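Each chain, letter by letter, is given below.
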Amino acid sequence: MTTLPDLPKAEIAIVQMTNAFRREQKLGTLSTNKQLTAAARAYAAYLARTGNLSHSADGRSMDDRVRAQGYRFCWLAENLSFRRDSKGFATGALADTVVTGWKNSSGHRANMVSPNVTEIGVGVARAPGASPTFYSVQLMGRPPGGKCREVPKGR
């Protein structure tokens, strides 16, 4: 029997696991942001629908995708993940394998432990097909304020 996760709960678990990892690193936790979440969910759905895994699979940058949701930022980072298992995943197991993969990758890990980010949005989507395949997108940002100036379009 194939096990399928509850995707909204997997998204919440990824945020919680990311914040737990940040606390272990003596960093502040990230607040969930609706605009980053909307951008992450839309891009995860696109990646799942097309089967592409790239930071520019839709011909746009992460900057463009979050701006399209109305998010203004002075700092932005994106992590992507692809997971497939013919047996499927329980909700917590999917979240754990995604976060563990990011923690074990130097570039993804650097994004997760950046002291420059304060907000997070996560999206998880299932790809069509018989074998359970999931795409996850994690966006982390910091809105402009103080000495952190908004990044202009076309940077």
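Right, let's talk about the state of the cysteines for a bit. Taken as a whole, this structure holds one disulfide when the rule is applied. Paired by a disulfide, Cys74 and Cys148 hold their sulfur atoms 1.6 Å apart. The disulfide joining Cys74 to Cys148 has a torsion of about 100 degrees about its S-S bond and is therefore right-handed. Taken together, the residues Cys74 in the loop between helix H3 (62–68) and strand E2 (75–84) and Cys148 in the segment after strand E4 (133–142) connect sequence positions 74 residues apart. There is no split in this pair, since Cys74 and Cys148 are both buried.

Strand order in the open sheet formed by four strands is E1-E3-E4-E2, with mixed pairing between adjacent strands. Of all strands in the sheet, those with a lone pairing partner are strand E1 (31–32) and E2, marking the two edges. Pairing geometry for E2 and E4, over 10 bridges, is antiparallel. If you follow Glu78 over to E4, its bridge partner there is Leu139. With respect to the sheet, helix H2 (residues 34–50) is in contact with E1, E2, strand E3 (119–126) and E4, its orientation differing from that of E3 by roughly 25 degrees. Contacts from helix H4 (residues 91–103) reach E2, E3 and E4 within the one sheet, and its direction differs from that of E2 by about 125 degrees.

The next subject is the environment of Lys87. Along the chain, the position of Lys87 falls in the loop between E2 and H4. Separated by 50 residues in sequence, Lys87 and Thr37 have C-alpha atoms that sit 28 Å apart. Not counting chain neighbours up to four residues away, the residues in contact with Lys87 comprise Met1, Thr2 and Thr3.

How each quantity is defined
Residues numbered from 1 in each chain as written. Predicted model: local features only at pLDDT ≥ 70, side-chain atom pairs only at ≥ 80, totals over all residues. Heavy atoms only, no water. Disulfide = S-S within 2.5 Å. Helix = DSSP H or I, 4+ residues; strand = E, 2+ residues; numbered from the N terminus. Buried < 20%, exposed > 50% of the residue type's maximum accessible area, 1.4 Å probe, protein only. Pairing = 2+ DSSP bridges. Contact = heavy atoms within 4.5 Å. Axes fitted to C-alpha atoms, helices over the stretch in contact; angles between N-to-C directions.

Fair warning: the whole summary comes from geometry, so function is off the table for now.
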